[in-house]
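This is what each chain is made of:
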Amino acid sequence: MTTRILPAVGDPDAARSLTTLLSQLPDAEPAAPVTDSTQLIDTLARLAGEALDELPEVVLVHERIGPVPALELIREVSLRFPSVGVVMITTDASPHLFADAMDSGARGLVTLPVGYEELANRVQAAAQWSTGVRRHLSSAGDVFTGPGGTVVTVTGAKGGVGATVTAIQLALAAQASGHTVALVDMDLQTGDIASFLDVQFRRSLVDLALITDISPRVLADAVFSHSTGLALLLAPGEGERGEEVSDRSARQIVSALRSRYEIVVIDCGGQMNGANAAAIEMADTALLVTTPDVVAVRGAKRVVRMWERLQIRKAEETVTLVNRFTRNTEIQPPLIQKITGTRVAAAAVPANFKELQAAVDSGRLHELDAKSTVKQALWGLAGELGIVKPSVTAKKSGGVLAKRNSGTFKNDRGSIGIPRRRRGGPADAEGTR
């Protein structure tokens with residue numbers, strides 16, 4: 001039986017040495033090495049999306065892989081792709097590291113410099129384990145074997161630009177289309193999702209922060225089931241407790257949610273910390289919300305540059321949403337795209353806070369009128385991001401998505417986007433908050 005092996009090694013010299021040894025293993029089919037954690041996860045997700053059998057039997061993770069630390073990367077691979085045997089390559093073969101690697105889901109360690117016999121034994125053991133797991137999964141139709149749910153993070157260029165309203169409406173749109181959806185409040189100090197949805201809760205993200213193995217039962221105990229069908233994981237009521245959620249625990253939480261829900265929408269607020277930075281790094285789509293004014297656009301540019309410096313996300317991999325848009329504003333979406341270097345969403349949210357006032361004040365944002373142009377624009381954005389099933393969502397939101405997806409904008413008063421800005425109607429000066 002052929003053993004497919006995918007090395008994840010950032011160092012070119014180590015990659016060449018490892019590839020040479022792997023090519024000498026009997027019945028081995030080594031793939032070209034991937035150079036960082038993002039490339040590894042993307043490659044595995046693409047292969048898993050095609051078929052479970054397309055995944056490699058063995059993944060080799062070098063201790064110096066980045067930007068996600070090796071042990072955290074091993075944990076994420078083990079959670080998202082449970083049929084892949086992961087082997088860690090390290091210079092430290094101490095019992096402490098061995099225990100940490102096993103806790104993270106590794107099937108073995110290979111010490112540097114790599115020897116042929118040790119490498120062959122570890123790869124063979126991991127491949128046999130992987131084959132057994134796949135045989136079990138193939139006989140259990142209800143076991144999740146896909147690449148994982150879609151994660152969308154929503155971040156504000158600064159406070160008050162509408163990130164929370166955007167996150168809630170995106171989650172509602174996805175849920176209304178038939179997806180299972182988790183809405184996470186990772187604005188750890190000032191999160192307001194509970195207030196917007198009139199929720200009284202006892203458990204929060206903090207309850208999962210110190211748990212090393214988040215089982216489905218543990219996750220279910222921390223999640224609040226909302227009347228809309230959304231699964232809510234909320235920020236702590238005491239803001240100072242937000243410091244207990246580290247980047248490591250955030251990765252575990254996001255991975256656990258991804259494995260249980262088809263869509264995971266995360267409100268990251270307008271402040272950066274280790275937890276929401278980890279979420280943004282793991283996200284399939286990172287949405288940055290700004291308003292068309294100088295202060296907010298400068299804030300958006302500052303956030304994007306910070307993400308690039310910290311190797312969280314590149315500017316071209318970020319989508320910017322323009323909120324409180326009016327046709328006569330001096331700062332138009334094309335200028336925002338040029339300034340930030342991001343891709344500006346075709347959907348833009350009109351400045352019409354009067355439509356939201358009653359729903360926001362009563363904590364019933366989920367009952368916002370379907371005729372609201374703000375809601376229609378945000379549900380249109382959900383279609384643009386690919387997190388809804390168009391036929392159902394179009395019915396719920398007055399047909400906006402069906403028209404947007406078909407490329408037809410005639411008589412589409414609720415759909416606000418770049419192609420129709422010249423025909424925008426009068427707008428209130430406040431917009432969503």
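Residues numbered from 1 in each chain as written. Predicted model: local features only at pLDDT ≥ 70, side-chain atom pairs only at ≥ 80, totals over all residues. Heavy atoms only, no water.

Chemist: What is the right way to look at the sheet that holds strand E7 (residues 181-185) in this model?
Modeler: Two orientations exist for strands paired in a sheet by backbone hydrogen bonds: parallel and antiparallel. One open sheet accounts for eight strands, arranged E8-E9-E7-E10-E6-E11-E12-E13; its pairing is mixed. The outermost strands of the open sheet, each flanked by one partner alone, are strand E8 (224-225) and strand E13 (343-350). Relative to strand E9 (residues 231-233), E7 runs parallel, the two being bridged by three bridges. Across the sheet, the residue bridging to Val184 is Leu233, located in E9. (Pairing = 2+ DSSP bridges. Helix = DSSP H or I, 4+ residues; strand = E, 2+ residues; numbered from the N terminus.)

Chemist: What should I look at first to understand unusual backbone geometry in this one?
Modeler: With glycine set apart, most residues show a phi of negative sign, and most peptide bonds adopt trans. Cis rather than trans, the peptide bond between Gly66 and Pro67 has omega equal to -5°. Cis geometry is found at the peptide bond from Leu112 to Pro113, where omega equals -5°. With respect to the helices and strands, Pro113 occurs in the loop between strand E5 (108-111) and helix H5 (116-138). Even without a glycine there, the phi angle at Arg324 is positive, about 55°. With respect to the secondary-structure elements, Arg324 resides in strand E12 (residues 318-325). The class for Arg324 is buried, based on a relative accessible area of 19%. (Buried < 20%, exposed > 50% of the residue type's maximum accessible area, 1.4 Å probe, protein only.)

Chemist: It is not clear to me how the nonpolar core should be interpreted in this structure. Could you clarify?
Modeler: Burial of nonpolar side chains together is a common tendency in soluble globular proteins. Membership of the largest hydrophobic core comes to 48 residues, with the highest contact counts inside it found for Leu183 and Leu381. With ten residues, helix H6 (residues 163-176) is the largest single contributor of residues to this core. Not counting residues up to four positions away in its chain, the partners in contact with Leu381 are Thr166, Leu170, Leu287, Leu321, Ala345 and Ala347. Among the nonpolar cores identified, the runner-up in size contains 41 residues, and Val151, Leu219, Val254 and Ile312 belong to it. (Core = buried A, V, L, I, M, F, W, Y, C linked by side-chain atoms within 4.5 Å. Contact = heavy atoms within 4.5 Å.)

Chemist: How should the environment of Ala296 be read in this particular structure?
Modeler: Here Ala296 is to be found in helix H12 (residues 294-309). Here Ala296 falls in the buried class, since its relative accessible area comes to 0%. Distance in space between the C-alpha atoms of Ala296 and Gly160 is 9.6 Å, their sequence separation being 136 residues.

Chemist: It is not clear to me how the pairing of strand E4 (residues 85-90) should be interpreted in this structure. Could you clarify?
Modeler: Side-chain positions along a regular strand alternate between the two faces of the sheet. Counting buried positions along E4 yields six of six residues, so the element is predominantly enclosed. Of the two faces of E4, the one holding Gly85, Val87 and Ile89 and the one holding Val86, Met88 and Thr90 are both buried throughout. For strand E3 (residues 58-62) and E4, the ladder comprises five bridges, and the chain directions are parallel. In the strand pairing of E4, Leu60 is matched with Val87. Pairing analysis gives four bridges linking E4 to E5, with the strands arranged parallel.

Chemist: I tried to follow the environment of Gln332 on my own but got confused; where do I start?
Modeler: Assignment of secondary structure puts Gln332 in the loop between E12 and helix H13 (333-340). Classification of Gln332 by relative accessible area gives partly exposed; the value is 22%. Measuring from C-alpha to C-alpha, the distance between Gln332 and Asp293 comes to 9.3 Å, with 39 residues separating the pair along the chain. A polar contact is formed between the side chain of Gln332 and the backbone oxygen of Thr329, at a distance of 2.8 Å. (Polar contact = N/O pair within 3.5 Å; in protein donor to acceptor, adjacent residues only side chain to side chain.)

Chemist: In this structure, what is going on with H6? I would like to understand it.
Modeler: Think of an α-helix as turning once every 3.6 residues; residues three or four places apart then point the same way. In this model H6 runs 20 Å from its N-terminal to its C-terminal C-alpha over 14 residues, within 8% of the 20 Å that 1.5 Å per residue would give. Of all 14 residues that make up H6, 13 are buried, and the element is covered over most of its length. Remark: Gly178 follows H6 within two positions and exhibits a positive phi of approximately 110°. (Expected span 1.5 Å × (residues − 1).)

Chemist: What is the right way to look at the packing of helix H10 (residues 247-260) against helix H11 (residues 274-282) in this model?
Modeler: Two packed helices can be described by the angle between their axes and the distance between those axes. At a closest axis distance of 8 Å, the pairing of H10 and H11 adopts a crossing angle of 40°. On the basis of their axis angle, the class for H10 and H11 is oblique. When you trace H10 past H11, the crossing you get is right-handed. Contacts from Asp247, Ala250, Arg251, Val254, Ser255 and Arg258 of H10 reach H11 at Gly274, Ala275, Ala278, Ala279, Glu281 and Met282. Partitioning the contact of H10 with H11 into residue classes produces six nonpolar, two polar and four charged. (Axes fitted to C-alpha atoms, helices over the stretch in contact; angles between N-to-C directions. Parallel < 35°, antiparallel > 145°, perpendicular 65-115°, else oblique. Left-handed = near helix turned anticlockwise from the far one by under 90°. Nonpolar A, V, L, I, M, F, W, Y, C, P; charged D, E, K, R; others polar.)

Chemist: Teacher, can you tell me more about the packing of helix H3 (residues 70-80) against H10 here?
Modeler: The contact between H3 and H10 brings their axes to 9 Å, and the two run at 10°. One finds that H3 runs roughly parallel with respect to H10. Here H3 contributes Glu72, Arg75, Glu76, Leu79 and Arg80 to the contact with H10, which in turn contributes Arg248, Arg251, Gln252, Ser255 and Arg258. Class assignment for the residues of the contact of H3 with H10 results in one nonpolar, two polar and seven charged.

Chemist: How should the confidence of the model for the protein be read in this particular structure?
Modeler: If pLDDT is low for a region, its predicted coordinates should not be looked at in detail. A residue-level look at the protein finds 87% of positions with pLDDT of 70 or above and a mean pLDDT of 85. Per-element mean pLDDT across the protein ranges from 41 in helix H17 (residues 400-406) up to 97 in strand E11 (residues 285-290). Across residues 140-146 the pLDDT falls below 50, and counting only partners more than four positions away or on other chains, this stretch makes six contacts in the model. In the predicted structure, residues 392-433 sits below a pLDDT of 50 and forms 92 contacts with residues beyond four places in sequence or in another chain. (pLDDT = per-residue confidence, 0-100.)

Chemist: Help me understand the side chain of Thr291 in this model?
Modeler: Note that Thr291 resides in the loop between E11 and H12. Taking the relative accessible area as the measure of exposure, Thr291 reaches 3% and is therefore buried. Among the polar contacts listed, one links the side chain of Thr291 to the side chain of Asp293, at a separation of 2.4 Å. Setting aside anything within four residues of it in sequence, one finds Thr291 in contact with Val161, Ala296, Val297, Asn323 and Arg324.

Chemist: Explain H3 here, please?
Modeler: The element H3 is extensively covered by neighbouring structure, given that nine of its eleven residues are classed as buried. What H3 keeps buried is the set Ala70, Glu72, Leu73, Ile74, Arg75, Glu76, Val77, Ser78 and Arg80. Looking at the buried residues of H3, the elements they touch are helix H2 (37-50), E3, E4, helix H4 (95-104), H10 and H11.

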